[in-house]
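Fold and geometry: a report
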Amino acid sequence: MASVKIVLRKNMIRKDKTIPLAIRISENYKTSYKWLGIYVLEKNWDKTAGRVKNNHPNSKRVNIHLIKKLAEANDLFLNTENALTAKQAKQKLMGAGGSVLFFPFAVDRVKSKYNREVFSVAKSELSILYNLEEFLNLDKSRDKQEVIYEIKKRRKERVSKGRKGDHDFLDSVKYFKKKKDLKFQMIDEAFLEKYKNFCAIYLDQKPRTITNQLIFIRTLFNKAIKNGVVDAKFYPFGSEKEQIRIGTTHKIGLNKEEITKIESLNLETNTSIWHTKNVWLIAFYFAGIRISDVVKLQWTDFKDGRLLYVMNKNKKPVSLAIPNKADKILEYYKAFKTENNGYIFHFLKDTNSNNEVAVFRKTRNATKLFNKYLKRIAAQCGIEKNLSNHIARHSFGNIAGDTIHPLMLQKLYRHSDLKTTINYQANFIHKEADKALDSVVNF
């Protein structure tokens, strides 16, 4: 049971001999204090009664105030369904403000994503915290290129330490847990505008990447306001403040001729670029499944001539017949079934499948390698489009065009909402628009 009492904090005595009063909140051997802003002489304080004595010049007014504050503290424990810690009770008594530290609050969310094994999200959100740190430390008086070089250098050093095992995710969590140089109230419209400029100029980030960071900051504000630790008046987003607009971009996929060029490209067997080509084609043949999912495919995911697996991103089950072209690629890798420890491809063969962190790290390293070799494949095929991991999905959509019913595409794409499929496929349906344009221009 929580103990709430007004006490005289004798160890905080001031030069004029007055001592501060505080509400002491004790719960499970943990104690916290909420200062009341009242200072009294020790001779004016009744320790047993928890009130000022009649010899205090404003005893009646002060005691009424103390009774009110004590009642508020007790009400917290009586009217709260879930148990409060002493620290939480103190925060609620203080009321919402804007002085809550941003980084410790933010990294708690990042850590929760990590604990839930949503590693890709945790990693991207942690990167945002490092970006914010770089922004806070920015010295505009210095040469821009020099600053950019040092930012990239620090990022490379973090990555290098991570690969060597000298620094891991939880080390970053501990680091940001201690940072005190950013409070919620500091993040206003002017701050966000400057941060957007920083991301574009010094980090060379595209609009959508910057927007994702604003969404992350907005999410933290909403959570902090909901938890009662930040006042809504500090919220920097809204119709008359910072507005987050998610812009649209052109999704460009390969056409049939370009796919054929990749299929026909003659590469030395068992080289990294050769494996990259096979992984990318498998992703395309199975309606553009994500490259990270292809890397994790195991032979147990194939049964009765079908691919049966659960997508990593949205945990949706997938069941697709194995196309003949995909079957030819898979047939080659059957000889390495034991060597690859049950995986189709070799990238995770030395990784414990139960170690989610190791699987994520190895998969991420493999996808980075793919993007490197896909650029070479594009060059050898004379493809001028940006050949990347995700373009396999765009390529499937581009070739499907408007020839496949949206409901079937929704199933193939594993979209939860048909609107998502229609909006996605709109990037690749040009026939009617081209006809309309032609009828007007070529009269």
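First, a word on scope: everything that follows refers to the structure included in this document.

Rules of the game
Residues numbered from 1 in each chain as written. Predicted model: local features only at pLDDT ≥ 70, side-chain atom pairs only at ≥ 80, totals over all residues. Heavy atoms only, no water. Buried < 20%, exposed > 50% of the residue type's maximum accessible area, 1.4 Å probe, protein only. Helix = DSSP H or I, 4+ residues; strand = E, 2+ residues; numbered from the N terminus. Pairing = 2+ DSSP bridges. Phe/Tyr/Trp six-rings, centres within 6.5 Å; stacked < 30°, edge-to-face > 60°. Lys NZ or Arg CZ within 6 Å of the ring centre and 35° of its normal. Axes fitted to C-alpha atoms, helices over the stretch in contact; angles between N-to-C directions. Parallel < 35°, antiparallel > 145°, perpendicular 65-115°, else oblique. Left-handed = near helix turned anticlockwise from the far one by under 90°. Contact = heavy atoms within 4.5 Å.

What follows deals with the pairing of strand β2 (residues 18-27). With 8 of 10 residues buried, β2 is to be regarded as a mostly interior element. Where strand β1 (residues 3-8) and β2 come together, 6 bridges link them in antiparallel fashion. Bridging from a neighbouring strand, V4 pairs with I25 of β2. For β2 and strand β3 (residues 30-41), the ladder comprises 9 bridges, and the chain directions are antiparallel. Bridge pairing in β3 links I19 to V40. Between β2 and β3, which pair antiparallel one after the other, the connecting turn spans 2 residues, and N28 there sits at a positive phi close to 55 degrees.

Let us look at the packing of aromatic side chains. According to the stated counting rule, one finds 29 aromatic pairs in the structure shown. Geometrically, the ring pair formed by F184 and F221 is edge-to-face, given 5.0 Å between the ring centres and 85 degrees between the ring planes. Of the two residues, F184 sits in the loop between α6 (169-177) and α7 (189-201) while F221 sits in helix α8 (residues 207-226), which places them 37 residues apart along the sequence. Of the two residues examined, F184 and F221, each falls in the buried class. One aromatic cluster in this structure is built from F102, F103, F105, Y130, Y175, F176, F184, F221, Y235 and F237. Taking NZ or CZ as reference, R14 lies 3.6 Å from the ring centre of Y39, over its face. Sitting over the ring of F103, K179 keeps its end group 5.6 Å from the ring centre.

Looking now at the sheet that holds strand β6 (residues 302-303). The sheet built from 3 strands is open, its strands ordered β6-β7-β8 with antiparallel pairing. Each edge of the sheet is formed by a strand with only one pairing partner; in this case those strands are β6 and β8 (317-321). Pairing of strand β7 (residues 306-310) with β8, which is carried by 5 bridges, proceeds in the antiparallel orientation. In the strand pairing of β8, L308 is matched with S319.

With that settled, the discussion passes to unusual backbone geometry. Of note, the phi angle at N270 is positive, near 70 degrees, even though the residue is not glycine. With respect to the secondary-structure elements, N270 resides in the loop between α9 (256-264) and α10 (272-285). For N270, a relative accessible area of 44% gives the class partly exposed. Look at N341: it is not a glycine, yet its phi comes out positive at around 55 degrees. With respect to the element layout, N341 can be found in the loop between α12 (324-333) and α13 (356-381). Overall, the relative accessible area of 49% leaves N341 in the partly exposed class.

This paragraph deals with the sheet that holds β3. Spatially, the 3 strands line up as an open sheet ordered β1-β2-β3, and their pairing is antiparallel. Edge strands, defined here as strands with exactly one partner in the open sheet, are β1 and β3. For this sheet, the mean inter-axis angle between neighbouring strands, taken without regard to orientation, is 20 degrees.

Here the focus is the packing of helix α3 (residues 102-115) against helix α4 (residues 119-136). At a closest axis distance of 8 Å, the pairing of α3 and α4 adopts a crossing angle of 160 degrees. The angle between α3 and α4 falls in the class roughly antiparallel. Regarding α3 and α4, the two cross each other, and that crossing is left-handed. In this structure, α3 contributes F102, F103, A106, V107, R109, V110, K113 and Y114 to the contact, and α4 contributes F119, V121, A122, E125, L126, L129, L132, E133 and L136.

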